[in-house]
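# Topology and contacts: notes
Here is what each chain is made of, one letter per residue.
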Amino acid sequence: MELPVVDLSRYLECSGEQLGTDLLDACREVSRILRETGALLIKDPRCSAQDNDRFIDMMETFFQMPDDFKRLQERPNLHYQVGVTPEGVEVPRSLVDEEMQKTFKTMPKEYKPHIPKGPDHKWRYMWRVGPRPSNTRFKELNSEPVIPEGFPEWQEEMDSWGYKMISAVEAVAEMAAIGFGLPKDAFTSLMKQGPHLLAPTGSDLSCYNKEGTIFAGYHYDLNFLTIHGRSRFPGLYIWLKNGEKVAVKVPVGCLFIQTGKQIEWLTGGECIAGMHEVVVTSKTKDAIKLAKEQNRSLWRVSSTLFAHIASDAELKPLGHFAESSLASNYPAISAGEYVEQELSVINLKGKTGFS
């Protein structure tokens, strides 16, 4: 299945105006896609292929640095919520979640994920995007950023790409809200001063290049919506709501968005947090061969951004979703408390990460 591409240009041009029938239909299409598949591709004129390339170039340079240098940016005392998370720290939820492991056994062979046997083979860099609340109960989720020495462009590049991707998420969130029959700002008002994380990953394909190697084990994301730019090496698989496994192909100049657990909460289970994994495939190996021939970096960088609901905001089914038959599965809870509960399951409170 090819994921549909939604061009945000016309919606952005009409922002603040009353939407015509065609744009209302586009909003309904966005909500339908998120409901039925949990994933979509978007084209945002504010996020160019050149922006994505410049960001990935910088992250390749950073991840290629010696491990000792990278570890200077590590902040385990803040549960790796800012700075670098070393390889072998993040543990995929499917490694510790017995319910997920039971689900594996019932899945058709062609849709089964790769079964993790240990932590992920990837580094990650956590960078907060956007303003933080001056008064919050969740200070560890809203910590100050870490800037590595020798990268004078770091803050500008991280903030620029992060803000652009957050803006794209906000546009999709508005369109989805309208399509779901909610107020336009139903989601975005809850995102204000959220602990949004630009969290690019780096995996060393010069070391880990055997087909089937897992860079990110089967898991869902605990945030609202996750957005990625185009990676230079394939390997991302997602699972649609119907259980079908799909290899993600992001066209040049496009961004990929997937639903997280917080939108599942806010829609009372109408949208389901999308499962995904990143593994070495035959196409990854083809891309490695080409990169070697062109003398390019063999670090697989993913320009992941986690868009969050504000830590002190309340997660609960919104509007008519509160009347759904599944609403009772999503009791009211602050977003920060929910995040801490999720992280404690995969032992991030002191040790591991966002997988």
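Residues numbered from 1 in each chain as written. Predicted model: local features only at pLDDT ≥ 70, side-chain atom pairs only at ≥ 80, totals over all residues. Heavy atoms only, no water.

An unreviewed UniProt entry lists the protein chain under the name Isopenicillin N synthase-like Fe(2+) 2OG dioxygenase domain-containing protein, with Cardamine amara subsp. amara given as the organism. According to its UniProt record, the protein chain has this under Sequence similarities (unreviewed entry): "Belongs to the iron/ascorbate-dependent oxidoreductase family." (UniProt positions renumbered as here; feature names shortened; annotations may be inferred.)

## What about the packing of aromatic side chains?
Inspection of the entire model under this criterion finds 16 aromatic pairs. A centroid spacing of 5.4 Å and a plane angle of 80 degrees characterise the contact between Phe151 and Trp154, whose relative ring orientation is edge-to-face. Each member of the pair Phe151 and Trp154 is classed as buried. An aromatic cluster is built from Phe62, Phe63, Phe69, Tyr125, Phe151, Trp154 and Trp299, whose rings are joined through pairwise contacts. Its end group placed over the ring of Trp123, Lys70 keeps NZ or CZ at 4.5 Å from the ring centre. (Phe/Tyr/Trp six-rings, centres within 6.5 Å; stacked < 30°, edge-to-face > 60°. Buried < 20%, exposed > 50% of the residue type's maximum accessible area, 1.4 Å probe, protein only. Lys NZ or Arg CZ within 6 Å of the ring centre and 35° of its normal.)

## Let's talk about the pairing of strand 4 (residues 123–128)
Of all six residues making up strand 4, six are buried, and the element is well covered by its neighbours. Burial along strand 4 is two-sided: the face carrying Trp123, Tyr125 and Trp127 and the face carrying Arg124, Met126 and Arg128 are both buried. Across three bridges, strand 3 (residues 83–85) lies against strand 4 in antiparallel orientation. In the strand pairing of strand 4, Thr85 is matched with Arg124. In terms of strand pairing, strand 4 meets strand 6 (residues 201–204) through two bridges, oriented antiparallel. Within strand 6, the residue paired with Arg124 across the bridge is Thr201. Where strand 4 meets strand 5 (residues 197–198), two bridges bridge the pair, whose relative direction is antiparallel. (Helix = DSSP H or I, 4+ residues; strand = E, 2+ residues; numbered from the N terminus. Pairing = 2+ DSSP bridges.)

## Let's talk about the nonpolar core
Grouped burial of nonpolar side chains is what soluble globular proteins tend to show. Ranked by size, the top nonpolar core spans 75 residues in total, and within it Ile42, Met59 and Phe187 carry the most contacts. Broken down by element, this core gets its largest block of residues, 14 residues, from helix 7 (residues 154–179). In contact with Ile42, not counting residues within four places along its chain, are Val5, Val6, Leu8, Ala168, Val172, Ile227, Cys254, Leu255 and Ile257. Formed by 21 residues, the second largest nonpolar core is a distinct cluster that contains Leu205, Phe215, Ala216 and Ile288. (Core = buried A, V, L, I, M, F, W, Y, C linked by side-chain atoms within 4.5 Å. Contact = heavy atoms within 4.5 Å.)

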